[in-house]
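Below, each chain spelled out in residue letters.
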Number of protein chains: 2
Amino acid sequence: MESVLRKYRGKGFKLTPQRIAILKFLDGNTSHPTAEDIYTEIKKKYPTVSFATVYNTVQALRDRGELLEITIDPQRKHFDPNPSAHHHIMCTGCGRIADVFTDYSKALTLPEEVTSEFHVTGNHVDFYGVCSDCRKKTN
Amino acid sequence: MESVLRKYRGKGFKLTPQRIAILKFLDGNTSHPTAEDIYTEIKKKYPTVSFATVYNTVQALRDRGELLEITIDPQRKHFDPNPSAHHHIMCTGCGRIADVFTDYSKALTLPEEVTSEFHVTGNHVDFYGVCSDCRKKTN
DNA sequence: TCCTATCTTGGAATAATTCTATTATATAGT
DNA sequence: ACTATATAATAGAATTATTCCAAGATAGGA
Ligand SMILES: [Mn+2]
Ligand SMILES: [Mn+2]
Ligand SMILES: [Zn+2]
Ligand SMILES: [Zn+2]
């Protein structure tokens, strides 16, 4: 879609072919890819693309609030092009990460001993479970 | 305390001097140390200790359910010798991680679209904020 | 079209973690 | 207390994730 690119034009964000490919790959992507996932995909069209470009681009997007770093997986970072407040569930079998769009903000209040010490700026709920595919396999 | 060691005697868990030092360091420790934090501490008494021993020991403890891996920090893993269900808040200034003992389990229900796909086994809430020390500094 | 700040790239550097082969030792069983 | 052996400690290499760097390339404003 052109709309993906329109968002970045004239904002001091250079739209190079590699970046455009990354933006298109991320646009609407709910798979929570790792840097390697992105790299592997972009490499199909731009075989000379480097990891540095992938990391540079996700950092630039993160700095603009267009992308989140997900820490749910102890092994590596995952990236999420949906920067709106939501949560995640990871399958402990295959590592797949899915979205959870429930708003828990009302319930996630903190005790006074914490709020007196911290100015709270955000929260994120990690759920863990086993997906249906993995349940079939282990059965 | 001897009680720390008593828990592991006669359970196929060898109590070597290095492990005892690690267990004592972790016992009641609420600082959520990294592997390096543990290594640095144990090295004071056992200068030849290796990272492999630290990682081997925390893995053994994790496998026994005596220790949790905390993923709240995108930079590195932290370890928590308190395996009971609780949550964390990290200061985005200094990286300090504090405990949150509120029980949110009642509120953290998942929509049917998620529960139909995942057998949920656990959850963890990450809070982010700025601690009072860091607020002073930035002011 | 030209200029230049910004980007891309390969490769090196860094950092976190895991692996491997060897040596050492805690502890169960005698 | 002694021994045997399963388990652990160690150094260092390997792996993996991520960042840094210097040199050449280019997007996009003037
Ligand atoms: Mn998401
Ligand atoms: Mn804790
Ligand atoms: Zn799965
Ligand atoms: Zn702080």
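Scroll up a little and you will see the structure.
Residues numbered from 1 in each chain as written. Chains lettered and ligands numbered in written order. Predicted model: local features only at pLDDT ≥ 70, side-chain atom pairs only at ≥ 80, totals over all residues. Heavy atoms only, no water.

Draft legend 1. Highlighting the coordination of the manganese ion (ligand 1). All names here are of chain A. Surrounding the manganese ion (ligand 1) are the protein donor atoms His-32 (NE2), Asp-80 (OD), His-86 (NE2), His-88 (NE2) and Asp-99 (OD), which sit 1.9 to 2.3 Å from the metal. For the manganese ion (ligand 1), all donor residues lie on one chain, and their spacing in sequence is H-x47-D-x5-H-x1-H-x10-D. Here the residue His-88 occupies a position in strand β3 (residues 87–91), and Asp-99 occupies one in strand β4 (residues 97–100), the gap between them amounting to 11 residues. Looking at His-88, the relative accessible area reads 1%, which means it is buried. When its relative accessible area of 16% is taken as the criterion, Asp-99 is described as buried. (Donors = N, O, S within 2.8 Å, 3.2 Å for Na, K, Ca; no water. Helix = DSSP H or I, 4+ residues; strand = E, 2+ residues; numbered from the N terminus. Buried < 20%, exposed > 50% of the residue type's maximum accessible area, 1.4 Å probe, protein only.)

Draft legend 2. The arrangement of the packing of aromatic side chains in detail. Taken as a whole and assessed by the stated rule, the structure comprises eight aromatic pairs over all chains. Relative to Phe127(A), the ring of Tyr104(A) has its centre 6.0 Å away and its plane inclined at 50 degrees; by these criteria the two rings are tilted. In this pair, Tyr104(A) is assigned in the loop between β4 and α5 (112–115) and Phe127(A) in strand β5 (residues 118–131), connecting sequence segments 23 residues apart. Across the pair, Phe127(A) and Tyr104(A) agree in class, each one buried. Chaining the aromatic ring pairs together yields one cluster made of Tyr39(A), Phe51(A) and Tyr55(A). The ring of Phe13(B) carries Arg19(B) above its face, with NZ or CZ at 4.3 Å from the centroid. (Phe/Tyr/Trp six-rings, centres within 6.5 Å; stacked < 30°, edge-to-face > 60°. Lys NZ or Arg CZ within 6 Å of the ring centre and 35° of its normal.)

So far we have only geometry, and geometry alone does not tell us how the molecule works.
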